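Now for the letters of each chain:
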Amino acid sequence: MAPLTKRKRPVVEEISFDAEQRREYLTGFHKRKLARAKKAREEAEKAAKAERLEDRRKLRESRKQELSAHVTAVQEFSRKAALEAGDIESSSSKDEWDGINDDENDDDNITRGVDGEDQYVDEEKYTTVTVEAMDLEKEESEDEEVVAERMRKREEREKEEERLRKKKEARLKNGPKEKKKKFRYLTKSERRQDRAKVKMGKAKRRKEREGDKEGQRKGGKSSKGRKK
């Protein structure tokens, strides 16, 4: 049996230390956290958008089915009313509805009895039937407006949260603001005391000035007497 050979390990010629990358890693925790939150928010918005599109598709399908059932019921009612009036025979089946054609440019898409008004008169009865087509595009546009309004409110809320966050960071960075001293009007007694203090101060300064002048006069007389 041949002896086992040791696998050669790659030789590392040099190990370099990048101080800039280390500083970026140590000071970038908050930045990376915000990036992860932003990515998660974008993914949630994409999922919500896909869910809204699926709901709208299901809503269109359900409305199309409701429209088909409505048109069928109206045609059945019209046929029965016409039979009662004696306009057509009970065996007539020419106006049966074949469903909705998805081709918008096809003229056969407009079925008989839609967007019209028929009158049925009998000896004892008078009936007027009005059939109107459902405007699916209008309802879809209203749904899109609701979604756009919801997205706009969400963006405004996110901007407001971002503004409050920046304001809070700036307040923490600059430190607490100095409290302003509250201004208060003095009462009548306090104003009287202040005026009395001012008068006393003026009288005291006047006496001091008079005393200084008296001392200067006395000092001048004594110096003249010594000279003689």
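Keep in mind it's a predicted model, so treat the numbers as computed, not measured.

Caption draft 1: How the structure looks around the overall build of the chain. Looking only at helices and strands, one finds four helices and two strands in the chain. Shown N-terminal to C-terminal, the secondary structure of the chain runs as helices and strands in the order α-α-β-β-α-α. For the chain, contacts bridging at least 24 residues in sequence account for 48% of all contacts bridging at least 6.

Caption draft 2: Representation of the pattern of salt bridges within the structure. Inspection of every chain in the model, using the stated rule, returns nine salt bridges. Between E20 and R23 there is a salt bridge, with its nearest N and O atoms 2.6 Å apart. Of this pair, E20 and R23 both sit in helix α1 (residues 19-27), three residues apart, which is roughly one turn of that helix. A relative accessible area of 45% means that E20 is categorised as partly exposed. On the basis of relative accessible area, R23 is assigned to the partly exposed category, the value being 46%. Residue E149 is joined to R152 by a salt bridge in which the shortest nitrogen-to-oxygen separation is 2.3 Å. A residue pair is termed a helical-turn pair when its members lie 3 or 4 positions apart in one helix, as E149 and R152 do in helix α3 (residues 136-174) at three residues. On the basis of relative accessible area, E149 is assigned to the partly exposed category, the value being 32%.

Caption draft 3: Layout of the packing of aromatic side chains. Taken as a whole and judged by the stated rule, the model has one aromatic pair. A cation over a ring is seen here: R32 above F29, with NZ or CZ 4.8 Å from the ring centre.

Parameters at a glance
Residues numbered from 1 in each chain as written. Predicted model: local features only at pLDDT ≥ 70, side-chain atom pairs only at ≥ 80, totals over all residues. Heavy atoms only, no water. Helix = DSSP H or I, 4+ residues; strand = E, 2+ residues; numbered from the N terminus. Contact = heavy atoms within 4.5 Å. Salt bridge = Lys/Arg side-chain N within 4 Å of Asp/Glu carboxyl O. Buried < 20%, exposed > 50% of the residue type's maximum accessible area, 1.4 Å probe, protein only. Phe/Tyr/Trp six-rings, centres within 6.5 Å; stacked < 30°, edge-to-face > 60°. Lys NZ or Arg CZ within 6 Å of the ring centre and 35° of its normal.

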